[in-house]
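Coordinate inspection notes
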Amino acid sequence: MAKNSSRSRVATEINASSMADIAFLLLIFFLVTTTIDVDKGILVKLPPWSNEPPPEMKLNSRNVFSVLVNANNDLLVRKKPAELAKLRERAVEFITNPNGAPDLAERPTKAIISLKNDRGTGYETYLTVYNELKAAYNEIWDEEAKALGHPGYSDDLPLEVRRQIKLKIPMVLSEAEPTAFGDEK
Amino acid sequence: MPAISTASLPDIIFMLLFFFMVVTVMRESELKVKVLVPEATELTKLEQKSLVNYIYIGKPTAKNQGVYGTSPRLQLGDKISNINDIPLFLEQFKAGVPEVQRPRITSSIRVDGDVTMGIVQDVKTELRKQGQLRVNYSARQRTEDL
């Protein structure tokens, strides 16, 4: 008996030559099913639904930055045709109002960006416009973060700092119900 | 000439295997609509795939146009659906998520760039009615200026 068990401890090695084949097989399977591109997108918090019409609010027109996108994908900013490429710059100027102009926002906390589109507006245009408006806020938050001695605004900043920045410059982007122009039948 | 030792080959292959296993995202459903999401710059990465449900909007692919037509439709899970299927879809997804994590459920809306806002707006309205307010408009990274 003793002799027998000592022989099994010396033990024949497991033949591992097929290991590579098995691993290859699995590797090829995962290679084929892999989609490396990570899911990214613009994170949005929608307003809760309410059946009552929103209360009429008296707003000083200097504090409202209205953006309209029509069914032809044309842009109307503060009642004047505008270019998409200048939107971000103008939004930043509107919110911060560095020179205290009388027709731009009184204070960043009072600034409201209002976005309205038609049902026929292209999604690509809509998303680009939304992206530019969000970029404007990100740019301002970035400046704020730098002023507070951080490398820049990102999700890596402590929650407390982010909250402080957002309290100073809250993002108010109100989306109106779209008009029915240009809807697909 | 002595044969090259292949003893370390399995180890190398295993290393590759583990790499691909970790980065793999299984394709969860076959797409029946054509979706090419627009480009944007202010992107957030979707965290925790188990808390994300996907809504696709686009024109049906050539294979499906005979059945579903050519106007934009939405796809929930693996089938083409209507707006009023959304509540059930969200409810079913919620049921599979532990209760403490439910407030963090995100809807990833993957919309083709050529679709008009009408159908997107209807989906948004329905999501708001259902209290599903965390939404991610899927987009690709834009590299050049506007």
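Residues numbered from 1 in each chain as written. Chains lettered and ligands numbered in written order. Predicted model: local features only at pLDDT ≥ 70, side-chain atom pairs only at ≥ 80, totals over all residues.

Within chain A one finds five helices and six strands. Counting helices and strands in the order they occur from the N terminus, chain A gives α-α-β-β-β-β-α-β-α-α-β. Taken over the C-alpha trace, chain A has a radius of gyration of 29 Å; the compact-globule value for 185 residues is 16 Å, which it surpasses by more than 25%. Reported as C-alpha extents along the three principal axes, the dimensions of chain A are approximately 100 × 50 × 35 Å. Counting all 185 residues of chain A, 25% fall into the buried class. Sequence-distant contacts in chain A: of pairs separated by 6 or more residues, those separated by 24 or more amount to 69%. (Helix = DSSP H or I, 4+ residues; strand = E, 2+ residues; numbered from the N terminus. Rg over C-alpha atoms; globule rule 2.2 N^0.38 Å. Buried ≥ 20, exposed ≤ 12 C-beta atoms within 10 Å, placed from the backbone. Contact = placed C-beta atoms within 7 Å.)

In this section: the overall build of chain B. The number of helices and strands found in chain B is four helices and nine strands. When the helices and strands of chain B are read in sequence order from the N terminus, they spell out α-β-β-β-β-α-β-β-α-β-α-β-β. At 20 Å, chain B has a C-alpha radius of gyration far larger than the 15 Å of a compact globule built from 146 residues. For the C-alpha atoms alone, the extent of chain B along its principal axes is close to 70 × 40 × 40 Å. Here chain B, with 146 residues, has 29% of them falling under the buried criterion. Long-range contacts, defined here as pairs at least 24 residues apart, represent 75% of the contacts in chain B between residues at least 6 apart.

Residues A:Val67, A:Ala91, B:Ile55, B:Ile57, B:Val120 and B:Val123 are the most contacted members of the largest nonpolar core, which totals 49 residues. Aside from chain neighbours lying at most four places away, what touches A:Ala91 is A:Phe65, A:Ile113, A:Leu133 and A:Ala136. (Core = buried A, V, L, I, M, F, W, Y, C linked by C-beta atoms within 7 Å.)

Strand order in the open sheet formed by five strands is 4-3-2-5-6 (chain A), with mixed pairing between adjacent strands. One side of each edge strand has no neighbouring strand; the edge strands of this open sheet are strand 4 (80-81) and strand 6 (173-175) of chain A. (Pairing = 2+ DSSP bridges.)

For the rest of this paragraph, the subject is unusual backbone geometry. When glycine is set aside, most residues are seen to have a negative phi, and most peptide bonds are trans. Of note in this structure, A:Asn73 is not a glycine but carries a positive phi near 65°. Mapped onto the elements of the fold, A:Asn73 is located in the loop between strand 2 (64-69) and strand 3 (75-77).

Another aspect to go through is the pairing of strand 1 (residues 40-45) of chain A. For strand 1 of chain A and strand 3 (residues 44-45) of chain B, the ladder comprises two bridges, and the chain directions are antiparallel. If you follow A:Gly41 over to strand 3 of chain B, its bridge partner there is B:Thr44. Looking at chain direction, strand 1 of chain A and strand 8 (residues 134-138) of chain B are connected through five bridges and run antiparallel. Across the sheet, A:Lys45 pairs through a bridge with B:Arg134, a residue of strand 8 of chain B.

A word on the interface of chain A and chain B. Taken together, the contacts link 46 residues of chain A with 46 residues of chain B. Looking at the side of chain A that touches chain B, the elements with two or more residues in it are helix 2 (19-33), strand 1, helix 3 (84-96) and helix 4 (123-147) of chain A. Residue composition of the side of chain A that touches chain B, grouped by class: 25 nonpolar, twelve polar and nine charged. (Nonpolar A, V, L, I, M, F, W, Y, C, P; charged D, E, K, R; others polar.)

Packing of helix 2 of chain A against helix 1 (residues 9-23) of chain B brings their axes to within 9 Å, and their N-to-C directions diverge by 25°. Between helix 2 of chain A and helix 1 of chain B, the angle is such that the two are roughly parallel. Classified by chirality, the crossing of helix 1 of chain B by helix 2 of chain A is left-handed. Contact residues: helix 2 of chain A offers A:Met19, A:Ala20, A:Ala23, A:Phe24, A:Leu26, A:Leu27, A:Phe30 and A:Leu31, while helix 1 of chain B offers B:Leu9, B:Pro10, B:Ile13, B:Phe14, B:Leu16, B:Leu17, B:Phe20 and B:Met21. Tallied by class, residues from the contact of helix 2 of chain A with helix 1 of chain B come to 16 nonpolar, no polar and no charged. (Axes fitted to C-alpha atoms, helices over the stretch in contact; angles between N-to-C directions. Parallel < 35°, antiparallel > 145°, perpendicular 65-115°, else oblique. Left-handed = near helix turned anticlockwise from the far one by under 90°.)

All names here are of chain A. Checked against the element boundaries, Ala82 lands in the loop between strand 4 and helix 3. The class of Ala82 is partly exposed, set by 16 C-beta atoms lying within 10 Å. Setting aside its immediate chain neighbours within four residues, Ala82 contacts Leu75, Leu76, Val77 and Leu87.

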